[in-house]
Amino acid sequence: MDTVLTQLPALLGVLVGTIGTMVATAVTERGRWRRNQTVRWDERRLDAYARPGCPR
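Bear in mind the structure is a predicted one, so any value in this text is a computation, not a measurement. (Residues numbered from 1 in each chain as written. Predicted model: local features only at pLDDT ≥ 70, side-chain atom pairs only at ≥ 80, totals over all residues. Heavy atoms only, no water.)

**Q** Teacher, can you tell me more about the overall build of the protein chain here?
**A** Looking only at helices and strands, the protein chain has 1 helix and 0 strands in total. The C-alpha radius of gyration of the protein chain comes to 24 Å, more than 25% above the 10 Å expected for a compact globule of 56 residues. When its C-alpha atoms are laid out on the principal axes, the protein chain stretches across 80 × 10 × 10 Å. Counting all 56 residues of the protein chain, 2% fall into the buried class. (Helix = DSSP H or I, 4+ residues; strand = E, 2+ residues; numbered from the N terminus. Rg over C-alpha atoms; globule rule 2.2 N^0.38 Å. Buried < 20%, exposed > 50% of the residue type's maximum accessible area, 1.4 Å probe, protein only.)

In structure tokens form, the structure reads like this:
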């Protein structure tokens, strides 16, 4: 039982680091997805405006 208590701070550090990495990755990926969706929407709008006979 004594060895578990001595290793507990290291295990908690690994756990906190893992959770922090997962949160940072999720935030980064969400931002990347939003930017890609914005670019995709702008490209569709430009394609629609470039078509002949497009109502403006």
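So, next bit.
**Q** What's the story with the pattern of salt bridges in this structure? I'm lost.
**A** Pairing is possible between side chains of opposite charge, provided their charged atoms come close. Applying the stated criterion to the full structure yields 1 salt bridge. Arg 32 is the partner of Glu 29 in a salt bridge, and the nearest nitrogen-oxygen pair spans 2.8 Å. In this pair, Glu 29 and Arg 32 are both assigned in helix 1 (residues 2–50), 3 residues apart and thus about one turn of the helix distant. For Glu 29, a relative accessible area of 40% gives the class partly exposed. Look at Arg 32 and you get partly exposed, because its relative accessible area is 41%. (Salt bridge = Lys/Arg side-chain N within 4 Å of Asp/Glu carboxyl O.)

**Q** Just to check I follow, could you spell out helix 1 for this structure?
**A** The end-to-end C-alpha distance of helix 1 is 73 Å, a good match for the 72 Å that 49 residues give at a rise of 1.5 Å each. Most pronounced at Leu 8, the bend in helix 1 amounts to some 45 degrees, and the proline Pro 9 follows within four residues. (Expected span 1.5 Å × (residues − 1). Bend = angle between axes of the 7 residues up to and from the residue.)

**Q** Quick question: what am I supposed to make of the environment of Gln 37 here?
**A** Along the chain, Gln 37 turns up in helix 1. Spatially, the C-alpha atom of Gln 37 lies 48 Å from that of Val 4, the residues being 33 residues apart in sequence.

**Q** Before we go on, may I ask you to explain a nonpolar patch on the surface in this structure?
**A** A contiguous nonpolar surface patch, about 810 Å² in accessible area, is contributed by Met 1, Leu 5, Leu 8, Leu 12, Leu 15, Ile 19, Val 23 and Val 27. Judged by relative accessible area, Met 1 falls into the exposed class, the value being 77%. (Patch = residues over 30% accessible without salt bridge, like charges linked within 9 Å, V, L, I, M, F, W, Y side chains within 5 Å. Areas by Shrake-Rupley, 256 points an atom, 1.4 Å probe, with all protein chains shown as cover.)

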